[in-house]
Amino acid sequence: AQKVTQAQTEISVVEKEDVTLDCVYETRDTTYYLFWYKQPPSGELVFLIRRNSFDEQNEISGRYSWNFQKSTSSFNFTITASQVVDSAVYFCALSEAGRGADGLTFGKGTHLIIQP
Amino acid sequence: EAGVAQSPRYKIIEKRQSVAFWCNPISGHATLYWYQQILGQGPKLLIQFQNNGVVDDSQLPKDRFSAERLKGVDSTLKIQPAKLEDSAVYLCASSFQRDSYEQYFGPGTRLTVT
């Protein structure tokens with residue numbers, strides 16, 4: 001069965017610090033997709049990134065970067081020069097392709113607090 | 001482009017009552033999902049539709065929960081009868097198609113069962 005573990009329940013940093021959110025996943029499939037979503041205090045989940053299991057290239061989007069390592073089953077998310085607006089709960093999620101059903105399995109989330 | 005719409009936004013009911021939630025996905029999105037998010041946890045998939053057919057309902061408590069997507073567009077999720085543990089936010093999401101395309105989420109319906 002698939003599983004996503006976000007061991008960090010809450011992280012608090014001061015603005016402008018870099019912060020990394022950890023995500024470890026378990027799956028028996030060779031083809032799968034990994035996602036990160038942001039859930040600000042308003043509650044709506046915002047899509048950040050989707051990565052398939054065959055693409056291990058790291059990705060950078062502005063202040064956000066993602067490090068995918070199949071060898072350790074990890075898909076970590078780094079925010080550089082954090083800002084107060086980055087405060088939110090961040091979820092890592094997994095979808096197993098190939099069986100038709102592709103609902104997401106989410107981790108429990110990491111509550112990120114950026115202090116001014 | 002309009003996002004995923006859900007109503008109502010909030011609902012308070014007593015246990016053993018019934019309740020229904022409505023979702024209108026992004027135009028053109030064939031795949032629709034319902035998730036349950038209990039406070040402090042990540043969302044959990046309840047059911048997935050592809051057009052008007054059910055793809056996955058393995059985690060739907062079928063003794064009390066039901067869902068339909070009759071014309072392949074809007075969807076309704078119903079709980080009857082509600083239990084205290086059903087208190088949660090019910091999220092609807094849609095995606096262009098299957099194969100794990102990104103899912104776009106609605107604002108959710110916060111249900112409180114007293």
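This text follows the structure it describes.
The rules behind each value
Residues numbered from 1 in each chain as written. Chains lettered and ligands numbered in written order. Predicted model: local features only at pLDDT ≥ 70, side-chain atom pairs only at ≥ 80, totals over all residues. Heavy atoms only, no water. Helix = DSSP H or I, 4+ residues; strand = E, 2+ residues; numbered from the N terminus. Buried < 20%, exposed > 50% of the residue type's maximum accessible area, 1.4 Å probe, protein only. Contact = heavy atoms within 4.5 Å. Areas by Shrake-Rupley, 256 points an atom, 1.4 Å probe, with all protein chains shown as cover. Polar contact = N/O pair within 3.5 Å; in protein donor to acceptor, adjacent residues only side chain to side chain. Buried area = accessible area lost by both parts, 1.4 Å probe. Salt bridge = Lys/Arg side-chain N within 4 Å of Asp/Glu carboxyl O. Nonpolar A, V, L, I, M, F, W, Y, C, P; charged D, E, K, R; others polar.

Asker: Would you mind showing me how to read the overall build of chain B here?
Answerer: For chain B, the helix and strand inventory stands at 0 helices and 11 strands. Order of helices (α) and strands (β) in chain B, N terminus to C terminus: β-β-β-β-β-β-β-β-β-β-β. With the C-alpha coordinates of chain B rotated into their principal frame, the extents come out at 35 × 25 × 25 Å. With 114 residues in all, chain B has 46% of them scored as buried. For chain B, the share of sequence-separated contacts (at least 6 apart) that also reach a separation of at least 24 residues comes to 53%. Summing over all exposed atoms, chain B offers an accessible surface of approximately 5600 Å²; the carbon and sulfur share of this is 48%.

Asker: Would you explain the side chain of S82 of chain A in this entry?
Answerer: Residue and element names in this part refer to chain A. With respect to the element layout, S82 can be found in the loop between β9 (74–79) and β10 (88–96). At 2.8 Å, the side chain of S82 forms a polar contact with the backbone oxygen of E17. Discounting chain neighbours no more than four positions away, the residues touching S82 are V13, V14, E15, K16, E17, R63 and I114.

Asker: Looking at this model, I keep getting lost on the interface of chain B and chain A. Mind explaining?
Answerer: Interfaces are often sized by the amount of accessible area the parts lose when they come together. Across the boundary between the two partners, chain B contributes 22 residues, which contact 20 residues of chain A. Summing the contributions of chain B and of chain A, the shared interface buries around 1600 Å²; its carbon and sulfur component is 50%. Scanning the region where chain B abuts chain A turns up 0 salt bridges. Counting across the interface, chain B meets chain A through 7 residue pairs in polar contact (both at pLDDT 80 or more). Elements with a contribution of two residues or more to the side of chain B that touches chain A: β4 (31–37), β5 (44–50) and β6 (53–56) of chain B. Considering every element that reaches the side of chain B that touches chain A, the biggest residue donor is β4 of chain B, with 3 residues. In terms of residue class, the side of chain B that touches chain A is built from 9 nonpolar, 9 polar and 4 charged.

Asker: How do you make sense of the pattern of salt bridges when you look at a structure like this?
Answerer: Should the charged atoms of two oppositely charged side chains come close, the side chains can pair. Residues and elements named next belong to chain A. Following the criterion strictly, the structure yields 5 salt bridges over all chains and no others. The salt bridge partner of D55 is R51, with a shortest N-O separation of 2.7 Å. Note on D55: relative accessible area 23%, which makes it partly exposed. The network of salt bridges with shared partners includes R51, D55 and E59.

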